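# Summary of structural features
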Amino acid sequence: MQSDDMTPANASPGLVTQTAGFAAWAGFTFMCLGMFMAILDVQIVATSLPTIQAALRIAPDRMVWIQTAYLTAEIVAIPLTGYLTDVLGMRRLFVGAVGLFTLASIGCAMSGSFESLILWRIVQGFSGGTLIPIVFSAVFLLFPLRVQGLATTIAGVAAVLAPTIGPIVGGWVTQSFSWHWLFRINIVPGIVAALGVGWLLRGEPAVERSGVARAIDLVALVLLAVALVALQIGLKDAPTRGWGDAWVLGLLALFVACGIGFAVRTWRAAVPLVELHCFVDRNFAIGCLFSFVLGFGLFGSTYLMPFFLGLVRGHGALRIGEIMLVTGIAQLVTAPIAVWAERRVDPRWLTAFGFGLFAIGLLMSIGQTAQTDFHAMILPQIVRGAAIMFCLLPPTRMALGRLPRHLVADGSGLFNLMRNLGGAVGLALVDTTIFSRAATEGRRIASRLQAGDLDTALRIGIPRDAFLEQRGKPLDDFAVEMVRPLVEKAALVPAVNAAWAICGVLTAIIVIAVLWVRRTPYDAGSGGPGL
């Protein structure tokens, strides 16, 4: 083991000699570009699934696999980043991953069948999955403490801005060109990122091979892959099949069994596939908990807004993207403030402020009506956008800043895995809430209409004269078909509001976890107030 292996990653320059010249910053910027494109790809494809479905004649029940294939491969790749970094070095791993991602994007664009598209999406997901933890590892390995906040902000803006602008980019590309360009737009940025990092960071000790021999544990790899794939598919199917369905329970049981097997085997291994001992550090464990909840709220909010705007308000992808730009603008405006505060305020209280503000922004959306649109959504979006960087910066330093340098890559993989897992669990619970609550609300509205409730009829959009003329008479098939979409749309509104409430309440509850965060000398040295 190298002599500086046990040095905390955020140690001051007096403890570890580090420089951050033009080449390091430029190379890091290219790394963020590659990560941005990988995250953006998920969102822009999601907005254009119907177009791809029609072009390749994909059955509706198979369409979801276009996204599931990517996300499942991604979630398997993320925790392997530490192992791959030791084997290849961070620079070579990034160049190889972004190159493979670009090649897979070309393959997706050239796909003429569902099967070939899914194959390339798996390659895309696995290669793209390593890019996020690589970038956040680079923050603590390339830069000295005094500029890590700025570097984290740049990476954080790229990571959270991509899902926000995804709908507008996807809508514009689909309307202006064809679905093939959803993948072709990755080619030039991918090549630029690979060449930029390969050239600018060549010879940088922090991103070259560590020289540590690390054999691969195939049994642990299989257990990890099976566990995460089972969890991802189980969470995907649970809202539609039901949590008590035999298929869903079987997948979740498989996840638990393989997950426990992986954890036990890896914990005892002399040379583990994934360094789970990172969780011994209390701050790392709590930081991962914050990352999980951030993923829950972030993925949930970026799902609920287009869901509501599309199905209730009837907007297209481009208009939805324009409305959601408010969140992205708020993120960009508050990012410099977050950097300034991160250097001066105790990270525990900054984290509490961020998650508290994010919870308020989520809960501000629980009163939506069928008429809620852009103007009523501006303030909640501003509040959520302003909070996100405060939810990302302090927990990232909290989790990764105290780890020994040789554990940073493993820690970054686990930290980012928790955010993705939080998103997967969040989407499953959000969908379950919407489906179950909408069915209940639909039955309640239907019973009121059958009882002749005029107020309910007017509220869901049935013309007054038409309802009064039909009241007390059995509905014919034509009337049923006219009323059904109005009932379904009206039932979605309280169902979506309930999902917003779940996201907001969980985010508010997690704030109390800051009380267990250990204060460190490095926090004090960064300019934060002491106790």
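Quick caveat, the model's predicted, so the values are computed rather than measured.

With that settled, consider the overall build of the protein chain. In terms of regular secondary structure, the protein chain is built from 21 helices and 0 strands. Expressed as a percentage of the 531 residues in the protein chain, the buried residues total 57%. In the protein chain, the share of contacts with a sequence separation of at least 24, taken over all contacts with a separation of at least 6, comes to 83%. Looking at the protein chain as shown, the accessible area adds up to about 21,500 Å², and 68% of this sits on carbon and sulfur atoms.

Here we take up the pattern of salt bridges. Applying the stated criterion to the full structure yields 11 salt bridges. When the shortest N-O distance is used, the salt bridge between Asp281 and Arg402 registers 2.8 Å. Residue Asp281 is found in the loop between helix 12 (246–268) and helix 13 (282–311), and its partner Arg402 is found in the loop between helix 16 (374–400) and helix 17 (408–450); the two are separated by 121 residues along the sequence. For Asp373, the salt bridge goes to Arg313, with nearest N and O atoms at 2.8 Å. In this pair, Asp373 is assigned in the loop between helix 15 (347–363) and helix 16 and Arg313 in the loop between helix 13 and helix 14 (317–342), connecting sequence segments 60 residues apart. Judged by relative accessible area, Asp373 falls into the buried class, the value being 16%. In the salt-bridge network here, residues are joined through shared partners; they are Arg437, Glu441 and Arg444.

This paragraph deals with unusual backbone geometry. Most peptide bonds are trans, and most residues other than glycine sit at a negative phi. Positive phi, close to 55 degrees, is recorded for Arg57, a residue that is not glycine. Arg57 sits in the exposed class, given a relative accessible area of 79%.

On average, residues of the protein chain carry a pLDDT of 86, and 90% of them reach 70 or more. Between the elements of the protein chain, mean pLDDT differs from a low of 49, seen in helix 21 (residues 521–525), to a high of 96, seen in helix 15. Ignoring residues within four places in sequence, the model shows residues 1–6, a span with pLDDT below 50, making 9 contacts including any to other chains. Across residues 12–17, where pLDDT falls below 50, the model places 8 contacts with residues more than four positions away in sequence or in other chains.

Throughout the structure, instances matching the rule amount to 9 aromatic pairs. Taking 5.4 Å as the distance between ring centres and 85 degrees as the angle between the ring planes, the aromatic pair formed by Trp172 and Phe177 counts as edge-to-face. On the accessibility criterion, Trp172 (46% relative accessible area) is partly exposed. Seen from their ring centres, Tyr303 and Phe307 are 5.7 Å apart, and the 35 degrees between their planes marks the pair as tilted. Linking Tyr303 with Phe307, this pair stays in helix 13, spanning 4 residues, or about one helical turn. Note on Phe307: relative accessible area 14%, which makes it buried. An aromatic cluster of three or more residues is present, and its members are Trp25, Phe28 and Phe143.

With that settled, consider the environment of Gly321. Considering the arrangement of structural elements, one finds Gly321 in helix 14. When the C-alpha atoms of Gly321 and Ile168 are compared, they prove to be 3.7 Å apart, with 153 residues separating the residues in sequence. Dropping the residues within four chain positions of it, Gly321 is found in contact with Pro167 and Ile168.

In this model helix 1 (residues 22–47) runs 37 Å from its N-terminal to its C-terminal C-alpha over 26 residues, within 8% of the 38 Å that 1.5 Å per residue would give. The largest bend in helix 1 comes to about 25 degrees, at Leu40.

Turning our attention to the packing of helix 13 against helix 15. Two elements in contact, helix 13 and helix 15, have axes separated by 12 Å at closest approach and are oriented at 25 degrees. Our classification of the angle between helix 13 and helix 15 gives roughly parallel. Handedness of the helix 13/helix 15 crossing: left-handed. On the side of helix 13, the interface is formed by Phe290, Val293, Leu294, Gly297, Leu298 and Ser301, while helix 15 contributes Thr351, Phe355, Phe358 and Leu362. Class assignment of the residues belonging to the contact of helix 13 with helix 15 gives a composition of 7 nonpolar, 3 polar and no charged.

Now for the packing of helix 5 (residues 90–110) against helix 10 (residues 187–200). Orientation of helix 5 relative to helix 10, taken along the N-to-C sense of each, is 165 degrees, at an axis distance of 9 Å. It follows that helix 5 is roughly antiparallel to helix 10 by the angle criterion. Helix 10 is crossed by helix 5, and the crossing has left-handed handedness. In contact with Arg91, Phe94, Val95, Val98, Thr102 and Ile106 of helix 5, helix 10 contributes Ile187, Gly190, Ile191, Ala193, Ala194, Val197 and Gly198. Split into classes, the residues belonging to the contact of helix 5 with helix 10 amount to 9 nonpolar, 3 polar and 1 charged.

This part covers helix 17. Here helix 17 contains 43 residues, and its C-alpha end-to-end distance of 62 Å stays within 8% of the 63 Å for a straight helix at 1.5 Å per residue. One or two residues past the end of helix 17 sits Gly452, with phi positive at roughly 85 degrees.

Within the fold, Thr85 resides in helix 4 (residues 81–88). Residue Thr85 is classed as buried on the basis of its relative accessible area, which comes to 11%. Apart from residues no more than four positions distant in its own chain, Thr85 is found in contact with Met90, Leu93 and Ala409.

Parameters at a glance
- Residues numbered from 1 in each chain as written.
- Predicted model: local features only at pLDDT ≥ 70, side-chain atom pairs only at ≥ 80, totals over all residues.
- Heavy atoms only, no water.
- Helix = DSSP H or I, 4+ residues; strand = E, 2+ residues; numbered from the N terminus.
- Buried < 20%, exposed > 50% of the residue type's maximum accessible area, 1.4 Å probe, protein only.
- Contact = heavy atoms within 4.5 Å.
- Areas by Shrake-Rupley, 256 points an atom, 1.4 Å probe, with all protein chains shown as cover.
- Salt bridge = Lys/Arg side-chain N within 4 Å of Asp/Glu carboxyl O.
- pLDDT = per-residue confidence, 0-100.
- Phe/Tyr/Trp six-rings, centres within 6.5 Å; stacked < 30°, edge-to-face > 60°.
- Expected span 1.5 Å × (residues − 1).
- Bend = angle between axes of the 7 residues up to and from the residue.
- Axes fitted to C-alpha atoms, helices over the stretch in contact; angles between N-to-C directions.
- Parallel < 35°, antiparallel > 145°, perpendicular 65-115°, else oblique.
- Left-handed = near helix turned anticlockwise from the far one by under 90°.
- Nonpolar A, V, L, I, M, F, W, Y, C, P; charged D, E, K, R; others polar.

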